[in-house]
Amino acid sequence: MEILSSYNLIIGASLIVVLSFFFNGISKKTNIPAVLMLIVLGILIKIGLEFFIPEIPDFKGSLEILGTVGLIMIVLEAALELELKKEKLWPILKSMAIALIGLIGSAYIAALILYQFIPNMTMQSAWLYATPLSILSSAIIIPSVGGLAEAKKEFHIYESTFSDIMGIMMFYFLTGKLNPAEDAGVAGFAGNLVLTIIIAIVASYAIILIFQRIKSQAKLFLLIAVLLLLYAIGKKMHLSSLIIILVFGLIVKNVNLFFPGKTKIFLETERMQQIYHELHIITLETAFVVRTFFFVIFGITIVLATLLSVNVAIVSLLIIASIYAIRFIVLIVFVGKDMLPQLFIAPRGLITVLLFYAIPMEAQIEGFESGILLFVIIATSLVMTWAMIRDKSKMGTMLDEIDEEILERNLAEDALRNSEIELSEENDIKKQQQSSTEDINP
């Protein structure tokens with residue numbers, strides 16, 4: 001086990017972060033998601049470790065912790081970028097509707113596919129397995145859509161964030177159905193949601209009022225610790241804890257909206273702006289590091305042999321086809337024909353893996369192969385990569401055409417200007433000649 005000594009682990013972790021930084025740079029230039037490169041890196045690390053140690057440690061426990069922290073940071077990062085305005089109400093509601101319909105529709109079809117093709121699969125378990133496969137990955141989408149038009153970028157941020165939150169709520173609603181004694185039904189679920197929102201608003205106001213008065217410079221990790229604490233306590237109380245994080249981020253970003261009129265006397269504007277900017281930076285950095293290690297460790301835990309199964313390939317391809325078919329129908333209704341590249345930006349990732357490992361023992365089916373998970377994640381990420389590259393090249397072609405038009409127009413204007421100058425010079429020469437003639441012959 002010398003290979004896993006403390007210094008070797010520090011060296012390895014540092015190199016992984018450095019490589020992740022370069023992967024991000026490559027991703028921006030090529031539109032290949034950095035997540036795919038991190039998963040491949042994890043697979044290569046696993047192959048390397050197998051040469052030195054007989055048995056690789058079980059990293060599944062660390063995956064759950066990293067995934068939870070990463071999810072909180074990603075949702076907070078997204079919320080800190082969402083500006084609430086009257087003119088954005090319709091795009092927000094539309095994104096929420098698309099995310100909800102896409103989630104339920106994809107989960108329903110995926111559940112039917114799993115029920116038909118996986119031995120011993122019950123319909124109840126099929127829904128639990130299908131839900132993670134139906135949730136968009138904000139961990140992949142948000143860092144990847146920066147180059148899109150502002151309206152499309154905002155749509156993807158809203159949609160993927162809502163998909164994460166509603167997908168997790170749906171998953172835990174379904175797990176509650178496994179134990180009828182604890183199942184509160186739809187009314188109980190709605191009450192739980194209302195209670196979560198009330199707690200989120202009260203806690204957010206309390207945190208803001210307290211933290212803007214803390215004079216210490218080292219308070220941001222304290223703030224993150226408080227948010228993690230609220231999330232964990234909310235989970236213990238069976239609340240939709242991610243809503244607490246979303247509401248807090250929205251209030252911090254839109255603090256003037258949530259402190260209207262005379263309530264602004266409780267707000268220290270300059271200090272809140274400082275907290276916002278510092279929190280945004282530390283959230284961004286933390287999300288980057290956590291996401292890096294999550295997907296590398298996921299790559300290490302992958303059993304590549306499962307990808308060679310014909311049944312895995314058939315089930316995965318059917319689920320992938322259903323994802324884009326349902327997405328096409330939903331987008332044609334809500335967005336219209338201008339649905340590219342949105343149609344193909346539907347990757348699965350962090351939430352899919354995290355919820356897969358959270359499926360209760362009583363609902364787990366031995367016949368389900370984890371290769372389906374990997375197949376869907378990689379395939380949807382590759383489809384998104386192709387769509388983004390295509391959109392980028394299309395945008396480049398449009399810009400080239402615009403540049404050519406501008407160049408042609410400039411050349412035409414230059415030619416016209418030159419002809420006008422030449423004509424003006426000719427007229428001046430004629431006038432001078434005429435004036436000289438008049439002087440000679442008065």
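Quantities reported herein were computed from a predicted structural model and do not represent experimental measurements.

## Describing the nonpolar core
Counting 117 residues, the largest nonpolar core has Leu71, Leu114, Phe248, Ile319, Leu350 and Ile372 as its most contacted members. Formed by seven residues, the second largest nonpolar core is a distinct cluster that contains Phe155, Ile326, Val330 and Met339.

## Some thoughts on a nonpolar patch on the surface
A cluster of nonpolar residues, Ile3, Val40, Leu44, Ile47, Phe51 and Phe52, forms a patch on the protein surface that exposes about 640 Å² of accessible area. When you line up the elements, leucine 44 lands in helix H2 (residues 34–52).

## Some points on empty space enclosed by the protein
All chains considered together, the criterion is met by two cavities of 30 Å³ or more. Estimates place the volume of the largest cavity at around 110 Å³. The wall of the largest cavity is formed by 14 residues, among which Gly102, Ser106, Leu136, Glu159 and Arg327 lie closest to the centre. Every element with two or more residues in the lining of the largest cavity is listed here: helix H4 (89–117), helix H7 (150–176) and helix H13 (310–334). Ranked by residue count, the leading element in the lining of the largest cavity is H4, at five residues. The class makeup of the residues in the lining of the largest cavity is seven nonpolar, four polar and three charged. Taken as a whole, the second largest cavity spans an internal volume of roughly 40 Å³.

## Brief notes about the packing of aromatic side chains
Enumeration according to the criterion identifies 11 aromatic pairs in this entry. Measuring from centroid to centroid gives 6.2 Å for tyrosine 108 and tryptophan 127, while their planes differ by 40°, and the two rings are tilted. With tyrosine 108 in helix H4 and tryptophan 127 in helix H5 (residues 123–133), the pair connects residues that are 19 residues apart, well separated along the chain. Assessed through its relative accessible area of 43%, tyrosine 108 is described here as partly exposed. Arranged with centres 6.1 Å apart and planes meeting at 50°, the rings of tyrosine 324 and phenylalanine 344 form a pair that is tilted. Taken together, the residues span a long stretch of sequence, with tyrosine 324 in helix H13 and phenylalanine 344 in the loop between H13 and helix H14 (350–356) at a distance of 20 residues. Following the ring pairs from residue to residue traces out a cluster consisting of Tyr129, Phe356, Tyr357 and Phe368.

## Examining the pattern of salt bridges
A full pass over the atoms with the stated rule returns five salt bridges. Among the salt bridges present, the one from glutamate 154 reaches lysine 88, with a minimum N-O distance of 2.7 Å. Of this pair, glutamate 154 sits in helix H7 while lysine 88 sits in the loop between helix H3 (60–79) and H4, placing them 66 residues apart in sequence. Given the relative accessible area of 16%, glutamate 154 is considered buried. Relative accessible area serves as the criterion here: at 16%, lysine 88 is assigned to the buried category. A salt bridge links aspartate 338 to lysine 152, with the nearest nitrogen and oxygen atoms 3.4 Å apart. Remark: lysine 152 occurs in helix H7 and aspartate 338 occurs in the loop between H13 and H14; sequence separation between them is 186 residues. Residue lysine 152 is classed as buried on the basis of its relative accessible area, which comes to 18%.

Rules behind the numbers
Residues numbered from 1 in each chain as written. Predicted model: local features only at pLDDT ≥ 70, side-chain atom pairs only at ≥ 80, totals over all residues. Heavy atoms only, no water. Core = buried A, V, L, I, M, F, W, Y, C linked by side-chain atoms within 4.5 Å. Buried < 20%, exposed > 50% of the residue type's maximum accessible area, 1.4 Å probe, protein only. Patch = residues over 30% accessible without salt bridge, like charges linked within 9 Å, V, L, I, M, F, W, Y side chains within 5 Å. Areas by Shrake-Rupley, 256 points an atom, 1.4 Å probe, with all protein chains shown as cover. Salt bridge = Lys/Arg side-chain N within 4 Å of Asp/Glu carboxyl O. Helix = DSSP H or I, 4+ residues; strand = E, 2+ residues; numbered from the N terminus. 1 Å grid on protein atoms, 1.4 Å probe; cavity = no way out; pocket = protein on both sides within 12 Å on 5 of 7 lines; lining within 4 Å. Points joined across faces, edges and corners; volume = space filled by probe spheres on them. Nonpolar A, V, L, I, M, F, W, Y, C, P; charged D, E, K, R; others polar. Phe/Tyr/Trp six-rings, centres within 6.5 Å; stacked < 30°, edge-to-face > 60°.

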